[in-house]
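Residue-level structure breakdown
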Amino acid sequence: TPHGNNAVEVDQNNTVAAFMLARGESAMLELPVAGAYEAMSTYDVDAAVLQLDFGEAIGAATETGGVFTRRFAKGTIQLDCNNWNSSFTPSEEYDK
């Protein structure tokens, strides 16, 4: 399970979590671009969070006290907007 040890990793994980919470059936995650000549080395495109496959969403995201949660076929994703952290928890049958 990816957990950020630094600010860049935390922000990237939270961005992916927010995307997964809000996305529809067909969606594409696009990394932000600050300029036409920005180097891709700025982004960790091999980050563990980008390698996860949670399968299809099971319903919409829910919110309780600033914590957003969405269940997927292979796990659950949460984004805690109060503490600005996220979690990616695989279901037991898919946990490796």
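Predicted model only: the values in this text are computed from it and were never measured.

The biggest cluster of nonpolar side chains holds 11 residues, and these are Val 16, Ala 17, Met 20, Leu 21, Ala 47, Val 49, Phe 54, Phe 72, Ile 77, Leu 79 and Phe 88. Among the elements of the structure, helix 1 (7-22) and strand 3 (75-80) are those that each provide at least two residues to this core. Per-element tally for this core: the top contributor is helix 1, with 4 residues. For Leu 79, the residues in contact, after removing those within four places along its chain, are Asn 14, Ala 17, Ala 18, Leu 21, Gly 66, Val 67, Phe 68, Trp 84, Asn 85 and Ser 86.

Our focus in this paragraph is the pattern of salt bridges. In this structure the tally under the stated criterion is 1 salt bridge. Across the pair Lys 74 and Asp 53 runs a salt bridge, and its minimum N-O distance is 3.1 Å. Of this pair, Lys 74 sits in the loop between strand 2 (67-72) and strand 3 while Asp 53 sits in the loop between helix 1 and strand 1 (62-64), placing them 21 residues apart in sequence. With a relative accessible area of 25%, Lys 74 lands in the partly exposed category.

Before going further, it helps to spend a moment on the sheet that holds strand 4 (residues 85-90). As summarised here, the arrangement of the 4 strands in space is 1-2-3-4, forming an open sheet in which the pairing is antiparallel. The outermost strands of the open sheet, each flanked by one partner alone, are strand 1 and strand 4. Neighbour to neighbour, the strand axes of the sheet diverge by 20 degrees on average, direction disregarded. Summarising the sheet, strand 3 and strand 4 pair through 6 bridges and their orientation is antiparallel. Counted as the bridge partner of Ile 77 is Phe 88 from strand 4. Where helix 1 meets the sheet, it contacts strand 2, strand 3 and strand 4, and its direction lies at approximately 115 degrees from that of strand 3.

What follows concerns the pairing of strand 2. Relative to strand 2, strand 1 runs antiparallel, the two sharing 3 bridges. The residue bridging Glu 63 from the neighbouring strand is Phe 68, located in strand 2. Hairpin geometry of strand 1 and strand 2 is characterised by an intervening segment of 2 residues between the two adjacent antiparallel strands and by a positive phi of about 60 degrees at Gly 65. Sheet topology places strand 2 next to strand 3; 6 bridges connect them, and they run antiparallel. When the sheet's bridge partners are listed, Val 67 is paired in strand 3 with Asp 80. Counting the residues that bridge the hairpin from strand 2 to strand 3 gives 2 residues.

For helix 1, built from 16 residues, the straight-helix expectation of 22 Å at 1.5 Å per residue is met to within 8% by its first-to-last C-alpha distance of 22 Å. Within helix 1 the residues assigned to the buried category are Gln 12, Asn 13, Asn 14, Val 16, Ala 17, Met 20 and Leu 21. Residues of helix 1 that are buried sit in contact with strand 2, strand 3 and strand 4.

Criteria and cut-off values
Residues numbered from 1 in each chain as written. Predicted model: local features only at pLDDT ≥ 70, side-chain atom pairs only at ≥ 80, totals over all residues. Heavy atoms only, no water. Core = buried A, V, L, I, M, F, W, Y, C linked by side-chain atoms within 4.5 Å. Buried < 20%, exposed > 50% of the residue type's maximum accessible area, 1.4 Å probe, protein only. Helix = DSSP H or I, 4+ residues; strand = E, 2+ residues; numbered from the N terminus. Contact = heavy atoms within 4.5 Å. Salt bridge = Lys/Arg side-chain N within 4 Å of Asp/Glu carboxyl O. Pairing = 2+ DSSP bridges. Axes fitted to C-alpha atoms, helices over the stretch in contact; angles between N-to-C directions. Expected span 1.5 Å × (residues − 1).

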